[in-house]
Each structure stands twice: as C-alpha cells, then as structure tokens.
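# Structural characterization, general
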Amino acid sequence: MTSARRPFREFDDSHDAESLRLARRVIRGLTVSMRHVVLAPGSRSAPLAYALAEAEKLGAITVHMRIDERSAAFTALGLALSSGEPAGVITTSGTAAGNLLPAVMEADMSGVPLVAITADRPEELHGIGANQATWQQGMFTGRVRDELHLEQGLIASGQLRLEPESRDDMLAAETQTALLLRAATTSTLRSAPGPVHLNIGFRDPLVPAEAPETAGGGARPAIQRWARRGVIPSQERERLYRASRTESITPAEHLGASDLLERLGAEIPGPGSTHDDAGSSSTDSPSAELTHRTLFVLGHGAPPEAVELARSLGHPVLAEPTSGARSSDLGAIPGYRLILQAPQGTEANQLVAQTQRVVVAGRPTLTRPVQRLIARRDLEAVHYAPSAQAWWDRRRQEEALPRRAVADLREIAEFAGRGDADWLHQWEAKGLAAQHALDTVLAQDASEHEAPSSVQAAQFVAETVKTSLLLGSSSVIRDVDLAAVITRAGVDGAGSSWAHRRGIYALRGLAGIDGNLSTAAGLALAQDRRVTALVGDLTFLHDVNALLVPSTERAPNLDLVVINDAGGAIFDQLEHGDVGRRPGQAEAVERLFGTPQTVDFEAIADAYRHEYVYAESLEALGRALAYPEDRLGIRIIEMRTDRSRLRALHERLAQKAAEL
Ligand SMILES: Cc1ncc(C[n+]2csc(CCOP(=O)(O)OP(=O)(O)O)c2C)c(N)n1
C-alpha cells in the first residue's frame, strides 16, 4: 500500500531487524508517559529488551530486571501506585505472561495504571505445536481498560506501520501504543484508571542487525536519538513528583477537585458558626446551614477534599489507614473501632446510634463494625465519588447499597450539613478514652507475656517509622487500623525530606497476600528512598521472590518487617476460631487455616544476601527502624510473636469496649 504523504522519519533504523524496529516504535509510544519498566528475561521479548537498553542509555526510561514475572508485575504495580503514572512489565511468551494475572487483577480493582506487555509468537506459529506458544490475545479481557495486539506480520501489508504518516496515524505502532497508555490513566465519571494489555507477535530474527558501519570492523556508531522523553509539561511533572514523595495521587487530584474545595470554602460556614447572611434561604432548601449529626467514613483512597470538608463542617471522621486521612493532626477519631463495637447501653453505642447521616468516601473494607454502620437502613447515606471508582459498578452499587453516589462536593456539603459541635466533642472524648483503653490492654498483655503481641508490634511500627509504609493484607492492616495513632509529620524534624506526609499503602483492590513485598519494592524504586513494609510471615513467604534482585540491578531500599507468628493468625479471629474450639476440631482448623510454618528467616536473608535483624523487643525494633536513610538495600527485620494469645487479647478489648 502506498501513500501520497511522506512518512515522518525522525531517525533511520531501516538496516535493522524488523522486530527491533517495531520494538523501538512501541517504546517511543510508551515513553510519552512512562518512566519505569520492569523486564523479565526471555527470547520472544528480546527485541523489546534490546530496544529498552538503548532507550535507557538515551535517558528515556529506567529498566529494572527481575526474574520472577509475578514479582516483576507487582513491582511495576508499586511503581505505578507511587506516582499515578503508568509503569510497565514485560514478559516473554507462554506461562511467563500468565504470571502477570494477579497484579493485573489487583490493578483493575484498585485503579492503578499497570501496563502488561507480553511478547507473543507470531500468528503463523500458533496452533501447530510451536514451543512456548499459547493464546495470549485477550488473556486479561474483562480486567483491563483497553487491550492492543500488534502483529509484526501485518507490517508488510501496510496494516501496521512503523513510520507514522501523520501525527495521529492510527495504523502506526507508536500512536496505537501511546493511545493505549492514555486509557490506563483516564479518570472520568465513567472510567477509572487501571491496567491495560499490549500483546506483540514478533517474528524472527529477534536480535538487532549489526549496524552497517561496524560490519567492516569500524568503530560502533553512537545510538541514534530515537527514544522520546515524556511530554508531560515540566510543571505538572514536578507536581506529580512532589505528590509522589508525599502520598499517592488520587483521581480527585487529577481532576483538580481540591480547587473546587477552595471555591466551596468561601460558601461553607464552619461548625457551630452562625450564619448571619441577611435573607438566608435556609428554610426552603437543604444547605450546609442545617445542623446534622453526620459521620464521615473514609476508606481506602478517599479523595483528600472529603476530609477537608468534614473538618471545615465540624463532623467526626472515621478513617482507615490508607484513606489518606488517618492522622491525629487531621482530627481522625482514634480508637473508633472500639467505639463502633461497643454494646448497647454504653455511651459509645449511644453516640453511634445518634448518627443521622453518613458520608462514605473511598472504599472501606477492613472491618465488620464499619460495614454494619454504613449498611444501616435507618441512616441516610451518600458516597462521595468525584470520578469513577475502579471497584465500583455504578449500576450494581445503586441497587445493592443503601447509599447513592454523589460526584459534586457541594451536594455532599449540603447533605452533611453543619456539624453539631457538642456531638463532635463527645466523639473526640470517646476516641481518646477508646485509645487509652487500647493502650492499657496492649501494655497489660505485653507485660503478662513478657513480649509484645502482634497487635502492639504493628501499632508500634506504624507509629514509629519515618518512611512510607506498605501494610500487608491480613491482620497487619487491621491491627494498625485498630490501634495506631498516626501523625503526618515525620518524627525527624521539619526541614528534612521526611517532614511532610508519608504515604501509607496497601493492596486493597483484592487484599491478596501475594505481591506485597514486590509492591513495596516498586514504591521504593519510584520514590528513590527507603520504604517500610509491615507484613505477616505467610504474606512474606508468599512473595519471597521479591528478594531475588539480579546482581546487576540496584536493590530497592526496603525494610521488610515481618511479624512472624508461624502461620496465619487472621482465621482464628473469624468464625473458624469458633469451629477450632469445638471438641476435636483444633488440629484440623490449625492445619486447614493456620498453615503453620517453621521457616528460618535469617537463613532466607542469608541465601538472598540481604541484611537480617532480629528484634526481640519493641526497643530493638525502634532501634532498627531509626535513621532509615543511613543504609542501602533490602533488610529483613523479624519479630516473633505467638498468635494463640490473640483471641484472649481481642476478648479483653471487647470487654473494654463494653465500658466505653
Ligand atoms: C493470594 C492470597 N491467597 C490466600 C489468601 C487468604 N488469606 C488471607 S490472610 C491469610 C493468612 C496470612 O497470614 P500472615 O501473612 O502470616 O498474616 P496473619 O494472618 O498471621 O496476620 C490468607 C492465606 C489471600 N488473601 N490472598
């Protein structure tokens, strides 16, 4: 097929293998908005590998080599989670591609722009028994925002072009790739950011041709400047970068919802203030002038303006650790879970019962008391969602949940009304009492056992670390939610880079115990500074290949704090704990759910050649976590606890809740 228009040719690699030429165009398309890619070795993906090495030399992208594709994918997820920019993971064909599924699933449900790139055998090698050939096109359908297949064999017929004929040539590989990435980050009322899939059928040869000049033995010419650098305006890039160093960017920030809040600020009176605007129309329209007993329940990834609104109106805020609002300096109510679980007849229960309205923002997932509260049919509830939420099917949500979605912050302000100052103070006082009760029980329990419980250890780490923190699935994040009082400011003095907000992260999309360490590694690589991951022993062992960093690579600066209670603790707190206490059932429940293990974590550290610290007490843990920037690489910090004592601890906490 010929064209009257001359193709743009910004560089000439016509001497090279066609697979390499295709790979370069794909990478040009990627680097419009991607800074990091995680690559696992393989044959079919070789053109991408060679082209990436060139692009990295040209300063267009950073490449991280990993061996285990599942870990590579979660590392890319962490990279994308940190900045909100797309991050890529590249594999060869076959089962390698299948290993991306868990991270794609998580990215889908948590709205993270993960770009899964799988090299494939060309179409003519499918279905004839060729090695490592499986059907990869559409293998993530239903979980990705968009997917693209590029077949090298279509170049000859002009159905796929290497040289674009215009800036928006839809047949050009580069344009198609760049557009795919746009689908990963688009945040509107209808679509949330999320993963995309690019599958590429490469034909042999898969290695670069020798440049013609070098064939005769001459000096190798410099690489042509074929790679692109990102086109994000530098101011925006700086804003994203700064934000990535403080906390994760939410879709609302992309939408500029905080500007809206500023504009609203002028219109919303504070708590208990009198509205002395002459001719107020409060009698005939609902507005923030009416006083309501409204609770703000902030779950994972709550838009930051929601907490600002709650504060400016004077409402109590119940905030999960990854809501971005779980901070005593933001006024989140401490110990709120004890308040919610207080039985009838207590003052705490009365406070909860007095609630008239609930504003939910983000995605609360951690505890049953919160789920019960927001599902109460006697309460009026709305869900603040300024843009589409990845986990949310709007049609399902509206029929299944007793709350409607509201995108407009002004409408939320009117719904919530002005806070009842006295009620807010009662919540604050009860929160302090609940926290005191928690601390007392944890201290008593620790002194009786002469060692901290896993709950106290999790509380301690969350309150102590000066770095960004990834909270492992299972008990860890729930223990932090239960007990930790987190402050936003770093402990290490204003003026230092720690002084701002630290990010608290977790895989709340699907709450898997897989990929947690790798995700933390991705966060550390993106932020280029130390990150702490706090995980249970099974969560650690499930993703142990995160420790497998090829020796050519810069290891992430990572403190992996493992609370080793020799198996899974969470099931004993659930119904299975009751089953396990029936006569003759204990052994079976321990075997089926506890899955005990006796792994030597020091030996693991040794085998992978990372540093190991055994923390026998909270003081030792504190010493290990101090001065996070004084060391490089991965460290494993182990604290051993006994999970069999947790049920009694939680029963004691329930007794304390009955006194609130
Ligand atoms: C990939 C995956 N497999 C299984 C589960 C189910 N699961 C939830 S918690 C848990 C045990 C976790 O144990 P550990 O990491 O030691 O934490 P603990 O429960 O002791 O706090 C399991 C297997 C899961 N969430 N994700």
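Residues numbered from 1 in each chain as written. Predicted model: local features only at pLDDT ≥ 70, side-chain atom pairs only at ≥ 80, totals over all residues. Heavy atoms only, no water.

## Focus: helix α16 (residues 409-416)
Applied cut-off: Buried, partly exposed and exposed residues are distinguished by accessible area as a fraction of the type maximum, computed with a 1.4 Å probe on protein chains only: under 20%, between the cut-offs, and over 50%, respectively. Working definition: helices are DSSP H or I runs of at least four residues, strands are E runs of at least two. Numbering for both runs from the N terminus. This arc is built from the directions going out from the helix axis to the C-beta atoms. The definition of a polar contact used here is a pair of N or O atoms within 3.5 Å, where within protein one atom must be able to donate a hydrogen and the other to accept one, and adjacent residues in sequence count solely through side-chain atom pairs.
Those residues of α16 that fall on the buried side of the exposure criterion are Leu 409, Ile 412, Ala 413, Phe 415 and Ala 416. Axial view of α16: buried residues confined to an arc of 165°, hence all on one face. For α16, the N-terminal capping position is held by Asp 408, with its side-chain oxygen 3.0 Å away from the main-chain nitrogen of Arg 410. Once α16 ends, the next one or two residues include Gly 417, with phi positive near 70°.

## Some points on the UniProt feature "domain: Thiamine pyrophosphate enzyme TPP-binding" (unreviewed entry) in the protein
This is how the line gets drawn: UniProt positions are given in the numbering used here, feature names are shortened, and annotations may be inferred rather than shown by experiment.
Residues annotated by UniProt as "domain: Thiamine pyrophosphate enzyme TPP-binding" (unreviewed entry) correspond here to residues 509-625. The span residues 509-625 carries 45% helix and 15% strand; its end-to-end C-alpha distance comes to 28 Å.

## Comments concerning the sheet that holds strand β10 (residues 357-361)
Rules: The pairing criterion is simple: DSSP has to find at least two bridges between the two strands. Between N-to-C directions, angles span 0 to 180 degrees; the directions come from axes that are lines fitted to C-alpha atoms, helices contributing only their stretch in contact. Contact criterion: two residues are considered in contact whenever any of their non-hydrogen atoms come within 4.5 Å of each other.
The parallel open sheet is built from 5 strands, whose spatial order is β9-β8-β10-β11-β12. One side of each edge strand has no neighbouring strand; the edge strands of this open sheet are β9 (317-319) and β12 (404-406). Each neighbouring strand pair of the sheet contributes to a mean axis angle of 25°, computed without reference to strand direction. Helix-sheet contacts for helix α11 (residues 304-313) involve β8 (294-298), β9, β10 and β11 (380-384), and the interaxial angle to β8 is about 155°.

## Notes on the site of the ligand
The cut-off we apply is this: By convention in this text, a residue qualifies as near a molecule or strand provided that one of its non-hydrogen atoms is within 4 Å of it. Residue burial considers only the protein chains on display, and all accessible areas are found by Shrake-Rupley using a 1.4 Å probe.
Looking at the ligand, there are 17 residues lining it, with Ser 474, Ser 475, Asp 537, Thr 539 and Ala 569 nearest. A distance of 2.7 Å separates an oxygen atom of the ligand from a polar atom in the side chain of Ser 475. Take Gly 567: an N or O atom from its main chain is 3.0 Å from an oxygen atom of the ligand. Relative to its unbound accessible surface of 590 Å², the ligand loses 74% to contact with the protein. Breaking the shell around the ligand down by element, the ones donating at least two residues are α21 (537-542) and α22 (570-573). It is α21 that provides the largest number of residues to the shell around the ligand, a total of 4 residues.

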